[in-house]
Amino acid sequence: MSETRSAPIDRAQVLHVAKLARLTLHDDEVPVVTEQLVKILAHIAQLGEVSTDGVEPTAQVGVDRLPLREDVPHVTVPRAEALAAAPETAGGGFVVPTFVDE
Amino acid sequence: MELLDSSLLDAADAVRAGKISARELADAAIARIERDDTHAYLDFDPARTRAQAISVDEKRARGEALGPLAGVPIGLKDVLCTRDARTTCGSKILEGYRPPYDATAVAKLRAADAVFTGKLNMDEFAMGSSNENSAYGPVKNPWDKSRVPGGSSGGSAAAVSAGLALGTLGTDTGGSIRQPAALCGVVGLKPTYGRVSRYGLVAFASSLDQIGTFAADVRGAARLLEAIAGHDGHDATSVARPIDEYVGACGRDPKGLRLGVPAEYFEAGLEPEVKASIEAGLKAFEGLGCTLVPLQMPHTKHAVATYYVVATAECSSNLARFDGVRYGLRVDPGKDLEAMYGATRDRGFGAEVKRRILLGTYVLSAGYYDAYYTKAQKVRTLIRRDFEAAFAKCDAIVGPTSPSVAWPFGAKVADPLAMYLADVYTLPASLAGLPGISVPAAPSASGLPVGMQIVTPAWDEARMLTLAHAFEQVSPAKGKRPARS
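Predicted model only: the values in this text are computed from it and were never measured.

This part takes up the overall build of chain A. Counting its regular elements, chain A contains four helices and two strands. Its helices and strands taken in sequence order, chain A reads α-α-α-α-β-β from the N to the C terminus. Relative to the globule expectation of 13 Å for 102 residues, the C-alpha radius of gyration of chain A, 22 Å, shows a markedly less compact shape. When the backbone C-alpha atoms are referred to their principal axes, chain A occupies close to 55 × 45 × 25 Å. In chain A, buried positions account for 20% of the 102 residues.

Structure below.
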């Protein structure tokens, strides 16, 4: 992981990642969090020292195969209850701000 | 009230035998919680708790069979969904949120006739080791209120320690049950991954999260596990395996069991007072007829790095659901959807949650995925293999739960990495999906709690409880509690 050692993360990358994560960062937050992430990533870089040739990755433990349930209808949360905690609803659905670019 | 200071099993027996009513127990708990100055509870409603207790008493009056936890006051970490109480996950983004259903573990406790005392404080979305990440202010350690209770289930540990509930549920992703149990001087049990349904547990890192139990003694934690364990059709990762008699496993003779002692758990970073306590504990195990087996677990030193890639990657995905659309906070600057997302998540999430989402998004992003995420998953395999090799030579692994005793508020806040390193002894078992328990060992010279961690192979909670119970009987911490109000 040579690329990660030479440049763990910089301001531009932090802003890019924040955009991907839909997080708005304040100007005064950016240098602090960048410095913290640099330090954390420098620690994580030690993984590069571990030989993992031919080692299978572990995504999940204890679950040999995911079971499938019977394909029969069952009752889920009623619509009114599902909508009850929403900030804004209309016509039995969730209301969101406009998102289609003109 | 003395009964609230007795064991969970004694209280349950007293209710079932009709020696005390559920209402009396509930009132005792309510009175304690009203005087509480540890800030263990985020949601507390005496009327709701009393109503539940009264319905248990009415059930007995009608001659109906009572469940195994009838009338026992139980607190719930605020990351578990409850249909009759707010569920905030310690976050502003879910302030006031009321879920439409109960988590399976909560429903099972209801079915066992437990009485809920309320929702317990925690690090926001279970991310933290000190409770300082709660958006509603931290829990104080009942032993020394200038110190942290540990985290993330700090409220769950402190509530049991301070006698504000006879048992509590918490969750453990990287040590969030065991570490606060150690720092608050109570028993904290994390079951094998898959033992308890995660349905209704607000997800942080799905491949690691597991619900577990707290009590003042090992039998109490075992009784709670019996109540919540088992397969659930709502959680495909919950496993259909026989559930052992966990209370029955307490009291069996541990003689002849081989206990692995990893050298890596006693290296630099372990506070001398904790080390001395654990070494005395190891001698106590020998006195019980156990054999100590020195071990090497060479990948232990990579557990923190591995965990903070895997867990943050999963968290960045799981927390994408908090977007101001279906529940919780919405901040809408009136521009467009993206601006609403950004503003909502900026206002709703605290600094640690943001940091982890950023880190997780980064390690999953194009160009870095293999170098970080796939690499960490491979090292996770090597950490699992360390345990497989160890369990070829021993029946359980023992050592310190936390490298230090409870630290003063603020001591690690400015340095996230230092905070992460506090989880070094609990993370490996989490990554391997193994059961672990923390049991109070000899306190430090200054009187602060120390925890002995016991880890067994997957699905062997029974043997873990046998060892934990035997250790508890000879531990100098037995019966020790902080001053109670």
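From this point, the discussion proceeds with the structure in view.
Okay, the overall build of chain B next. Summing up its helical and strand segments, chain B has 16 helices and 11 strands in all. For chain B, the C-alpha radius of gyration of 21 Å lies close to 23 Å, the compact-globule estimate for 485 residues. The buried share among the 485 residues of chain B stands at 64%. Long-range pairs, those at least 24 residues apart, make up 76% of the contacts in chain B with a sequence separation of at least 6.

For the rest of this paragraph, the subject is the pairing of strand S2 (residues 73-77) of chain B. Residue and element names in this part refer to chain B. Within S2, five of the five residues are buried, which leaves the element mostly enclosed by the surrounding structure. Here S2 shows no split at all, with Pro 73, Gly 75 and Lys 77 on one side and Ile 74 and Leu 76 on the other all buried. Both S2 and strand S3 (residues 115-120) contribute to a ladder of five bridges, which runs parallel. When the sheet's bridge partners are listed, Lys 77 is paired in S3 with Leu 120.

Moving on: helix H7 (residues 218-228) of chain B. Residues and elements named next belong to chain B. Of all 11 residues in H7, 11 are buried, a share of seventy percent or more. Within H7 the residues assigned to the buried category are Val 218, Arg 219, Gly 220, Ala 221, Ala 222, Arg 223, Leu 224, Leu 225, Glu 226, Ala 227 and Ile 228. Positive backbone phi, at 125 degrees, marks Gly 230, one or two positions downstream of H7.

In the contact formed by helix H2 (residues 11-20) of chain A and helix H12 (residues 351-363) of chain B, the axes pass within 9 Å of each other and the chain directions differ by 95 degrees. With respect to their mutual orientation, H2(A) and H12(B) come out roughly perpendicular. The segment H2(A) lies against H12(B), with A:Val14, A:Val17, A:Ala18 and A:Leu20 engaging B:Leu358, B:Thr361 and B:Tyr362. Split by residue class, the contact of H2(A) with H12(B) holds six nonpolar, one polar and no charged.

All names here are of chain B. The strand order S1-S3-S2-S4-S6-S5-S10-S11-S9-S7-S8 describes an open sheet built from 11 strands, whose pairing is mixed. Edge positions in the sheet fall to strand S1 (41-43) and strand S8 (291-295), since each of these pairs with one other strand and no more. With direction set aside, neighbouring strand axes in the sheet form an average angle of 30 degrees. Where strand S5 (residues 187-190) lies against strand S6 (residues 210-215), three bridges are found, and the strand directions are antiparallel. Across the sheet, Leu 189 pairs through a bridge with Thr 213, a residue of S6. Taken strand by strand, helix H16 (residues 461-474) contacts strand S9 (396-400), strand S10 (436-441) and strand S11 (450-455), and its axis lies near 5 degrees from that of S10.

Time to look at the nonpolar core. The tendency in soluble globular proteins is for nonpolar side chains to be buried side by side. Residues and elements named next belong to chain B. One finds Val 187 and Leu 358 to be the most contacted residues of the largest nonpolar core, which totals 174 residues. Broken down by element, the residue count for this core peaks at 10 residues, all from helix H10 (residues 303-318). For this core, the two domains that each supply at least three residues are domain 1 (2-186 + 193-248) and domain 2 (301-377). When sequence neighbours within four positions are dropped, the list of residues in contact with Val 187 reads Ala 181, Phe 214, Ala 215, Ala 216, Asp 217, Val 218, Ala 221, Ile 437, Ser 438 and Val 439.

How big an interface is tends to be stated in terms of accessible area lost as the parts join. Residues and elements named next belong to chain B. What the domain assignment lists for chain B is domain 1 (2-186 + 193-248) and domain 2 (301-377). For domain 1 and domain 2, the distance between their C-alpha centroids amounts to 28 Å. Contacts between the two partners involve 20 residues from domain 1, matched on the other side by 17 residues from domain 2. Residues belonging to the side of domain 1 that touches domain 2 are distributed by class as follows: 10 nonpolar, seven polar and three charged.

Another aspect to go through is the confidence of the model for chain B. On average, chain B scores 96 in pLDDT, and the residues at 70 or more come to 100%. Here the predicted complex carries an ipTM of 0.92, next to a pTM of 0.97.

Conventions used here
Residues numbered from 1 in each chain as written. Chains lettered and ligands numbered in written order. Predicted model: local features only at pLDDT ≥ 70, side-chain atom pairs only at ≥ 80, totals over all residues. Helix = DSSP H or I, 4+ residues; strand = E, 2+ residues; numbered from the N terminus. Rg over C-alpha atoms; globule rule 2.2 N^0.38 Å. Buried ≥ 20, exposed ≤ 12 C-beta atoms within 10 Å, placed from the backbone. Contact = placed C-beta atoms within 7 Å. Pairing = 2+ DSSP bridges. Axes fitted to C-alpha atoms, helices over the stretch in contact; angles between N-to-C directions. Parallel < 35°, antiparallel > 145°, perpendicular 65-115°, else oblique. Nonpolar A, V, L, I, M, F, W, Y, C, P; charged D, E, K, R; others polar. Core = buried A, V, L, I, M, F, W, Y, C linked by C-beta atoms within 7 Å. Domains from an automatic or database assignment. pLDDT = per-residue confidence, 0-100.

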